Amino acid sequence: VTPASGQVPRLLLVEPDSLVRRTVASVARSLSIADIREAGTYDTADLLLHSDAFDGLIIALTDDGRGIDLVEQLRAGEMESARDCPVVVMTGRCDESRVTALRALSVRRVILKPFKVKTVLESVAQLTNGQAT
Amino acid sequence: MTPAPIPSDESARLNALYELLILDTPPEERYDRIVAFAAAEFDAPIALLSLIDRDRQWFKARVGLDVCETARDISFCGHAVVARSTLVVEDAALDPRFADNPLVTGAPHIRFYAGAPLQLEDGSILGTLCLIDTRPRSLDSTDLAILGSLRDLAVMEMTGRWGAPTP
């Protein structure tokens, strides 16, 4: 993540749970970890990713595959963000097939649900420090 | 024990609280959800949305506590209202203000308390979003920011104002 000098990274958080989403965004802002735009649906995320460039993506995955589709489009260079920008996913399951798919998409970190907001914030901080692996 | 002090703006504070028409109203999912979220996020056995009335603290939402109110003078939240910032008591048994408080020496045997004040735009503090544990604990800066963010969401629900969070 390489934001302009003196600026915090701009990240997109795609998470349907408004309490999780708002808390992560608010705390990241108050601690100057990142400037987080919020998307509660994949449709909103799709619009934002096609209209704006972000330094990283944090996205909750559902079983319908739409979240994976968005990451695939990002990696294919079909979005405004850099195709190699860091991606963190949050998911309720992570079987072998999903791990293989996420690895192929160079996902930096997988956070399993249920998770704590603090865990997501630590991942955001690692992303912005370039430490997530 | 130090009884919960009365703030200098008590009359205006109570008026602001009464104008919200929230005291003694039934549970609401939007508040229950915030309090349940706080309890889960912090692994706290008790979490409350506490409103400080003239002689009592009344819980609009609660996790882990059966009673819906306690006397104001023994309330931890009454101290947080006067502190005007998040009050953290890492070990009540070692704090002279609370060591012989009946909520410490008896049920629910409070040892740890963290209360973020519910402050309106006019400065009135109505109560707190608070965490309680039966063992000593501490919070780091990220924890305090998370508690503050959840408090901001509760205030926004109470006032209907979805704007910038309170500092």
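The following paragraphs examine the structure supplied in this document.

Conventions we followed
Residues numbered from 1 in each chain as written. Chains lettered and ligands numbered in written order. Predicted model: local features only at pLDDT ≥ 70, side-chain atom pairs only at ≥ 80, totals over all residues. Heavy atoms only, no water. Helix = DSSP H or I, 4+ residues; strand = E, 2+ residues; numbered from the N terminus. Rg over C-alpha atoms; globule rule 2.2 N^0.38 Å. Buried < 20%, exposed > 50% of the residue type's maximum accessible area, 1.4 Å probe, protein only. Contact = heavy atoms within 4.5 Å. Areas by Shrake-Rupley, 256 points an atom, 1.4 Å probe, with all protein chains shown as cover. Lys, Arg positive; Asp, Glu negative; His and termini not counted. Charge placed at Lys NZ, Arg CZ, Asp CG, Glu CD. Pairing = 2+ DSSP bridges. Axes fitted to C-alpha atoms, helices over the stretch in contact; angles between N-to-C directions. Disulfide = S-S within 2.5 Å. Parallel < 35°, antiparallel > 145°, perpendicular 65-115°, else oblique. Left-handed = near helix turned anticlockwise from the far one by under 90°. Nonpolar A, V, L, I, M, F, W, Y, C, P; charged D, E, K, R; others polar. Salt bridge = Lys/Arg side-chain N within 4 Å of Asp/Glu carboxyl O. Core = buried A, V, L, I, M, F, W, Y, C linked by side-chain atoms within 4.5 Å. Phe/Tyr/Trp six-rings, centres within 6.5 Å; stacked < 30°, edge-to-face > 60°. Buried area = accessible area lost by both parts, 1.4 Å probe. Polar contact = N/O pair within 3.5 Å; in protein donor to acceptor, adjacent residues only side chain to side chain.

1. A few points about the overall build of chain A
Okay, so step 1: Helix and strand counts for chain A come out as five helices and five strands.
Okay, so step 2: When the helices and strands of chain A are listed from N to C terminus, the series reads β-α-β-α-β-α-β-α-β-α.
Okay, so step 3: Over its C-alpha atoms chain A spans a radius of gyration of 13 Å, differing by no more than 12% from the 14 Å that the globule rule assigns to 133 residues.
Okay, so step 4: A principal-axis box enclosing the C-alpha atoms of chain A has dimensions of 40 × 30 × 25 Å.
Okay, so step 5: Split into buried and exposed, the 133 residues of chain A put 45% on the buried side.
Okay, so step 6: When contacts within chain A are restricted to residue pairs at least 6 apart in sequence, long-range pairs at least 24 apart make up 61% of them.
Okay, so step 7: Carbon and sulfur atoms make up 46% of the accessible area of chain A, which totals about 6,200 Å².
Okay, so step 8: Considering chain A, the positive charge centre built from 16 side chains and the negative charge centre built from 18 side chains are found 6 Å apart.

2. Focus on the overall build of chain B
Okay, so step 1: A tally of regular secondary structure across chain B gives five helices and six strands.
Okay, so step 2: When the helices and strands of chain B are read in sequence order from the N terminus, they spell out α-α-β-β-β-α-β-α-β-β-α.
Okay, so step 3: Against the 2.2 N^0.38 benchmark of 15 Å for 167 residues, chain B shows a C-alpha radius of gyration of 14 Å, consistent with a compact globule.
Okay, so step 4: Buried residues in chain B amount to 54% of all 167 residues.

3. What about the sheet that holds strand β2 (residues 56-63) of chain B?
All names here are of chain B.
Okay, so step 1: Spatially, six strands are ordered β3-β2-β1-β6-β5-β4 in an open sheet, and the strand pairing comes out antiparallel. Because the sheet does not close on itself, it has two edges, and the strands there are β3 (69-71) and β4 (87-89). Strand-to-strand twist of the sheet, defined as the mean angle between neighbouring strand axes without regard to direction, takes the value 25°.
Okay, so step 2: Sheet analysis places β4 next to strand β5 (residues 112-119), joined by three bridges and oriented antiparallel.

4. Some remarks on the state of the cysteines
Residue and element names in this part refer to chain B.
Okay, so step 1: Summed over the entire model, instances satisfying the criterion amount to zero disulfides over all chains.
Okay, so step 2: There is no disulfide at Cys-68, and the cysteine sulfur nearest it, in Cys-77, is 14 Å away.
Okay, so step 3: Judged by its relative accessible area of 35%, Cys-68 is partly exposed.
Okay, so step 4: This cysteine, Cys-77, is not joined by any disulfide, and Cys-130 carries the nearest cysteine sulfur, 3.8 Å off.

5. Quick word on the packing of helix α1 (residues 18-30) of chain A against helix α5 (residues 141-159) of chain B
Two measures define how a pair of helices packs: the angle their axes make with one another and the distance between the axes.
Okay, so step 1: α5 of chain B packs onto α1 of chain A with a crossing angle of 125° between their chain directions and a minimal axis gap of 9 Å. As summarised for this structure, α1 of chain A and α5 of chain B are arranged oblique, according to the angle between their axes. Judged by the sense of rotation from one axis to the other, the crossing of α1 of chain A with α5 of chain B is right-handed. Note on element contacts: α5 of chain B touches α1 of chain A through Ala-145, Ile-146, Ser-149, Leu-150 and Leu-153 of chain B, opposite Leu-19, Arg-22, Thr-23, Ser-26, Val-27 and Ser-30 of chain A.
Okay, so step 2: Its residues assigned to classes, the contact of α1 of chain A with α5 of chain B shows six nonpolar, four polar and one charged.

6. Some remarks on the pattern of salt bridges
All names here are of chain B.
Okay, so step 1: If you walk through the whole model with that rule in mind, you get 25 salt bridges over all chains.
Okay, so step 2: Here Glu-10 makes a salt bridge to Arg-13, at a shortest N to O gap of 3.0 Å. Within this pair, Glu-10 and its partner Arg-13 are both found in helix α1 (residues 10-19), separated by three residues, close to a single helical turn.
Okay, so step 3: With a relative accessible area of 12%, Glu-10 lands in the buried category.
Okay, so step 4: Between Arg-30 and Glu-157 there is a salt bridge, with its nearest N and O atoms 3.2 Å apart.

7. Section: the nonpolar core
Okay, so step 1: Counting residues in each nonpolar core, the largest one holds 57 residues, and the members touching the most others are Ile-58 of chain A together with Leu-51 and Leu-150 of chain B.
Okay, so step 2: Among the elements that make up this core, the one with the highest residue count is α5 of chain B (nine residues).
Okay, so step 3: Apart from the residues lying within four places of it in its own chain, the contact partners of Leu-150 of chain B are Leu-19 and Thr-23 of chain A together with Ile-34, Phe-37, Ala-38 and Leu-129 of chain B.
Okay, so step 4: Listed in part, the 22 residues of the second largest apolar core include Val-14, Val-71, Val-89 and Val-107 of chain A.

8. What about the packing of aromatic side chains?
All names here are of chain B.
Okay, so step 1: For the coordinates displayed, the defined rule picks out two aromatic pairs over all chains.
Okay, so step 2: Plain terms: the ring middles of Phe-76 and Tyr-113 are 5.2 Å apart, the flat faces sit at 45° to each other, and that makes the pair tilted. You can see Phe-76 sitting in helix α3 (residues 76-83) and its partner Tyr-113 sitting in strand β5, a full 37 residues away along the chain.
Okay, so step 3: Exposure remark for Phe-76: the relative accessible area of 2% places this residue in the buried category.

9. Re the interface of chain B and chain A
Okay, so step 1: Listed by partner, the interface residues are 16 residues for chain B and 14 residues for chain A.
Okay, so step 2: Of the roughly 1,300 Å² buried at the junction of chain B and chain A (both faces included), carbon and sulfur atoms supply 63%.
Okay, so step 3: Looking only at chain B, the three residues that lose the most surface to chain A are Arg-33, Phe-37 and Glu-41 of chain B, adding up to 35% of its buried area.
Okay, so step 4: Summed over the shared surface of chain B and chain A, the number is four salt bridges.
Okay, so step 5: A salt bridge links Asp-17 of chain A to Arg-33 of chain B; its shortest N-O distance comes to 2.7 Å.
Okay, so step 6: At the junction of chain B with chain A, the criterion picks out eight residue pairs in polar contact (both at pLDDT 80 or more).
Okay, so step 7: Of all the secondary structure elements, the ones that give two or more residues to the side of chain B that touches chain A are α2 (29-41) and α5 of chain B.

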